[in-house]
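# Overview (structure and organization)
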Amino acid sequence: MEKPPIKTEVSGGTVALLGKVDSLAQKRIAEFAAAGVRGVSEVDNQITVRMSSDRRRCCRGCSRQQLTCGRSRTVRQN
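Rules used in this analysis
- Residues numbered from 1 in each chain as written.
- Predicted model: local features only at pLDDT ≥ 70, side-chain atom pairs only at ≥ 80, totals over all residues.
- Heavy atoms only, no water.
- Helix = DSSP H or I, 4+ residues; strand = E, 2+ residues; numbered from the N terminus.
- Buried < 20%, exposed > 50% of the residue type's maximum accessible area, 1.4 Å probe, protein only.
- Contact = heavy atoms within 4.5 Å.
- Areas by Shrake-Rupley, 256 points an atom, 1.4 Å probe, with all protein chains shown as cover.
- Salt bridge = Lys/Arg side-chain N within 4 Å of Asp/Glu carboxyl O.
- Pairing = 2+ DSSP bridges.
- Right-handed = clockwise from strand over helix to strand, strands pointing away.
- Core = buried A, V, L, I, M, F, W, Y, C linked by side-chain atoms within 4.5 Å.

## As for the overall build of the chain
Check the secondary structure of the chain and you find one helix and four strands. Tracing the chain from N to C terminus, the helices and strands come up as β-β-α-β-β. Per-residue burial over the chain gives 19% buried out of 78 residues. A fraction of 37% describes how many contacts in the chain between residues 6 or more apart in sequence connect residues 24 or more apart. Accessible surface, the chain: about 6100 Å² in total, of which carbon and sulfur atoms supply 51%.

## Looking at the pattern of salt bridges
Within this structure, the stated rule accounts for three salt bridges. Of the charged contacts in the structure, one is a salt bridge between Glu 9 and Lys 7, with a shortest N-O distance of 3.7 Å. Here Glu 9 falls in the partly exposed class, since its relative accessible area comes to 39%. One salt bridge connects Arg 28 with Glu 31, and the closest N-O pair in it is separated by 3.6 Å. You can see Arg 28 and its partner Glu 31 sitting in helix α1 (residues 24-35), three residues apart, about one turn around the helix. For Arg 28, a relative accessible area of 45% puts it in the partly exposed group. We classify Glu 31 as partly exposed; its relative accessible area is 27%.

## What to know about the pairing of strand β2 (residues 14-21)
Where strand β1 (residues 6-11) meets β2, six bridges bridge the pair, whose relative direction is antiparallel. Paired with Lys 7 across the two strands is Leu 18, which belongs to β2. Note: β2 against strand β3 (residues 42-45), four bridges, orientation parallel. Pairing of Thr 14 across the sheet is with Glu 42, part of β3. The handedness of the β2 to β3 crossover, carried by α1, is right-handed.

## A few points about the nonpolar core
Counting residues in hydrophobic clusters, the biggest one holds six residues: Val 15, Leu 17, Val 21, Ala 30, Ala 34 and Ile 47. Mapped onto this core, the elements with two or more residues apiece are β2 and α1. Considering each element in turn, this core owes the most residues, three residues, to β2.

Listed below in structure tokens is the structure:
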């Protein structure tokens, strides 16, 4: 059986989400789902998004392995 990528910790009405996912969409969906549970008053989303080496390139044609290089303000997402 595969280990779930997201772990939850609950304290009172606060839910902490921990783990790694493959996309920002997955991170947001987990937060939305947790917020929709009855009794949850706060969600502490500590999920990190795995970034492949291709996604770390800041713009097309750039070989720098950082989020921005000054030529582009956005991270290229596939």
